[in-house]
Amino acid sequence: MSVAIIGAGSAGLRAAQRLEELGISYTVFEGSNRIGGRIYPFSYQNGFLQYGAEYVNGVDNEIYNIAKKNGLLSETEIDEDGYETVVNGKEVNDKLYEIWDKFESSTNEKLERDGANKKLSYQNVSQRIDLYFDAFIKAQKFTQSEQTIMENMNVLFKNQFQLEWSSPANDLCLKNFDIWDSGMDVDVEATLNQYGFKSILDELASKVPQNKIKLSSKVVNIDYSGSKVKVLLSNGQSSLFDSVIVTSSLGYLKQNKNTMFTPALPAQKAAAIDRFGFGSNMKVFLEYAQPWWPRRMSTVQISGRVGKVGTAPSLEDDLMVFQPSLWAKNVLVAWVAGNGPKEISKLSDSQLIAVLNNHLTTQLKDVYSVTKIQRIYRHNWISDEFALGSYSYISNKTCQSNTDDIKLMRDPVLINRRPVICFAGEHTDSEMYQTVVGAARSGLQEADRIAKYYSSL
């Protein structure tokens, strides 16, 4: 028997690793010129910055064990006390921040409860936050300027969910808070050191012979109409296999599913792919000659407009969160969600540097002495042909359909019980979708599914 694996991200590599252990013949086809998928480290100074995956979720899983075994867990964590919040060019004072902090903490608890409430779980995060925020404002005796600050804090609060879930706040169904589960009472994200996911990727790839991974090999069609599955590449070459494991991103499947499979995918699976959410966020690494931020600062959040008139949306509205790198001391990381990634993808580096320089100096001139950016590093996931976004989430459409879309996307195409086309990737893991942990686990699961079937013959 022989298996084709489409994609050399964490799901594809873990599937390949398992088939290698079992002695099953396979070939990995990767459309891009590198392995890793949405793990994308790049060399910087004495380590690696990460365009993609940055943290490890949970502790009872393979990826965490790799990080721990290889000494990748960071000794430095983001200091929650080092947050600075700037609204309309002014730092929010301690009194107002303390009031806001209590509201935010209580609202987070309420959102968790709402997600477990079947009568409320179909609502979205933005709706629910606004409900609690309106009650909060009515119960306080704020001046107009104080209320304006709180309204901007609410914008920053919603943006936290957009960054964490790669979803617009108004499309993030509350059910996510009930379904997503790292296996821990309190979700933990492990921070990694300067080697981080580069070392994790190296370990995942180390057990897969390089000659079994075909880079720059874009699969354009998977024809399962015959006794063998025909995999056709964009260069016209084709190969026959007994089974295929598709680990393409959900964004890629959304765009290409109608031409990628012959015959077409089952209608229920195709509908689930269309309904399930797939959002986009990104990081932009800002390199400076020297850090201008104080050592105590771990995050600066920015909201409001200084020196701008009108209400039309602009890129600057989505440039809200900036964090110093934990180890590259001259690097500030811009975390961008909302409409920001789409707008950033339209700009050249020089244009983006100009926007960022103006935004930071204008917004922070009364707080910090901001210097000029020397260089930026970024990867536009939203325009990456093989990603077309960042990661998945349970959307309003999925909630309203009342279907188990993750299972529908994960279920294999069977012919006479034979798993002809299997599906893996972060969007197919029922508890830890969005994560490298979930992606790797799904690849292992589908490799085992195929092996179990053929061993039973």
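Residues numbered from 1 in each chain as written. Predicted model: local features only at pLDDT ≥ 70, side-chain atom pairs only at ≥ 80, totals over all residues. Heavy atoms only, no water.

A. Summary view of the overall build of the protein. When you go through the protein residue by residue, the secondary structure sums to 14 helices and 23 strands. By the compact-globule yardstick of 23 Å for 457 residues, the protein fits well, its C-alpha radius of gyration being 23 Å. Seen along its three principal axes, the alpha-carbon backbone of the protein occupies a region of about 75 × 50 × 40 Å. Looking at the 457 residues of the protein, the share that counts as buried comes to 55%. Sequence separation of 24 or more characterises 75% of the internal contacts of the protein that already satisfy a separation of 6 or more. About 20600 Å² of surface is accessible on the protein, with carbon and sulfur atoms providing 47% of the total. Each charge class in the protein was averaged separately, 49 positive and 53 negative side chains, and the resulting centres sit 5 Å apart. (Helix = DSSP H or I, 4+ residues; strand = E, 2+ residues; numbered from the N terminus. Rg over C-alpha atoms; globule rule 2.2 N^0.38 Å. Buried < 20%, exposed > 50% of the residue type's maximum accessible area, 1.4 Å probe, protein only. Contact = heavy atoms within 4.5 Å. Areas by Shrake-Rupley, 256 points an atom, 1.4 Å probe, with all protein chains shown as cover. Lys, Arg positive; Asp, Glu negative; His and termini not counted. Charge placed at Lys NZ, Arg CZ, Asp CG, Glu CD.)

B. Highlighting the pattern of salt bridges. Counted by the stated rule, this structure contains 22 salt bridges. For Arg38, the salt bridge identified is with Glu426, shortest N-O distance 3.1 Å. Placement of Arg38 in the loop between strand S2 (25-29) and strand S3 (41-44) and of Glu426 in the loop between strand S23 (418-423) and helix H14 (436-455) is noted, with a sequence separation of 388 residues between them. With relative accessibility at 22%, the residue Arg38 sits in the partly exposed group. Across the pair Glu203 and Lys69 runs a salt bridge whose closest N-O atoms are separated by 2.6 Å. Here Glu203 is found in helix H7 (residues 196-206), whereas its partner Lys69 is found in helix H2 (residues 62-69), with 134 residues between them in sequence. The buried category is assigned to Glu203, whose relative accessible area is 16%. (Salt bridge = Lys/Arg side-chain N within 4 Å of Asp/Glu carboxyl O.)

C. Main features of the pairing of strand S4 (residues 47-50). With 4 bridges connecting them, S3 and S4 associate as antiparallel partners. Following the sheet pairing, Phe42 is matched in S4 by Leu49. Between the end of S3 and the start of S4, which pair antiparallel, lie 2 residues, with Gln45 showing a positive phi angle near 50°. (Pairing = 2+ DSSP bridges.)

D. Seen up close, the domain arrangement of the protein. Segmenting the protein into domains produces domain 1 (2-74 + 195-278 + 393-456), domain 2 (94-179) and domain 3 (281-378). The gap between the C-alpha centroids of domain 2 and domain 3 is 24 Å. Opposite the 8 residues of domain 2 that make contact, domain 3 presents 11 residues. Buried surface at the junction of domain 2 and domain 3, summed over both partners, amounts to about 870 Å²; 58% is from carbon and sulfur atoms. (Domains from an automatic or database assignment. Buried area = accessible area lost by both parts, 1.4 Å probe.)

E. Local environment of the state of the cysteines. Per the counting criterion, the structure on display carries 1 disulfide. Note on cysteine connectivity: Cys173 is disulfide-linked to Cys399, with sulfurs 1.7 Å apart. Classification of the bridge connecting Cys173 and Cys399 rests on its S-S torsion, roughly -105°, and on that basis the disulfide is left-handed. Within this pair, whereas Cys173 is found in the loop between helix H5 (144-165) and helix H6 (175-179), its partner Cys399 is found in helix H12 (residues 396-401), the two being separated by 226 residues in sequence. Just as Cys173 is buried, Cys399 falls in that class too. (Disulfide = S-S within 2.5 Å.)

F. Representation of the sheet that holds S2 within the structure. Across the sheet, 6 strands lie side by side as S9-S2-S1-S13-S23-S22; this open sheet has mixed pairing. The sheet is open, and its two borders are formed by strand S9 (213-214) and strand S22 (413-415), each paired with just one other strand. As paired elements, strand S13 (residues 243-246) and S23 share 3 bridges and run parallel to each other. When the sheet's bridge partners are listed, Val246 is paired in S23 with Phe423. With respect to the sheet, H14 is in contact with strand S1 (2-6), S13 and S23, its orientation differing from that of S23 by roughly 175°. (Axes fitted to C-alpha atoms, helices over the stretch in contact; angles between N-to-C directions.)

G. Spotlight on the sheet that holds strand S19 (residues 331-336). Across the sheet, 7 strands lie side by side as S7-S6-S17-S18-S19-S16-S20; this open sheet has mixed pairing. Each edge of the open sheet is held by one strand with a lone partner, namely strand S7 (90-91) and strand S20 (375-378). For strand S18 (residues 321-324) and S19, the ladder comprises 4 bridges, and the chain directions are antiparallel. In the strand pairing of S19, Gln323 is matched with Val333.

H. Examining the packing of aromatic side chains more closely. In total, this model carries 28 aromatic pairs according to the counting rule given. Between the aromatic rings of Phe261 and Phe423, the centroid separation amounts to 6.0 Å while the plane-to-plane angle is 50°, which identifies the pairing as tilted. A residue pair is termed long-range when its members are at least 10 positions apart, and Phe261 in strand S14 (residues 261-262) and Phe423 in strand S23 qualify at 162 residues. Comparing Phe261 with Phe423 shows no difference in burial state: the two are buried. Taking 6.1 Å as the distance between ring centres and 85° as the angle between the ring planes, the aromatic pair formed by Tyr288 and Trp292 counts as edge-to-face. An aromatic cluster is built from Trp100, Phe103, Phe133, Phe136, Phe142, Phe157, Phe161, Trp165 and Phe177, whose rings are joined through pairwise contacts. (Phe/Tyr/Trp six-rings, centres within 6.5 Å; stacked < 30°, edge-to-face > 60°.)

I. View of the nonpolar core. With 114 residues, the main nonpolar core has Ile6, Ile200, Ile222, Val246 and Phe261 as its most contacted residues. Residue contributions to this core peak at 9 residues, all from H14. Those residues in contact with Val246 that sit more than four places away from it in its chain are Ile6, Ile222, Leu253, Met260, Phe261, Ile421, Cys422, Phe423 and Ala424. (Core = buried A, V, L, I, M, F, W, Y, C linked by side-chain atoms within 4.5 Å.)

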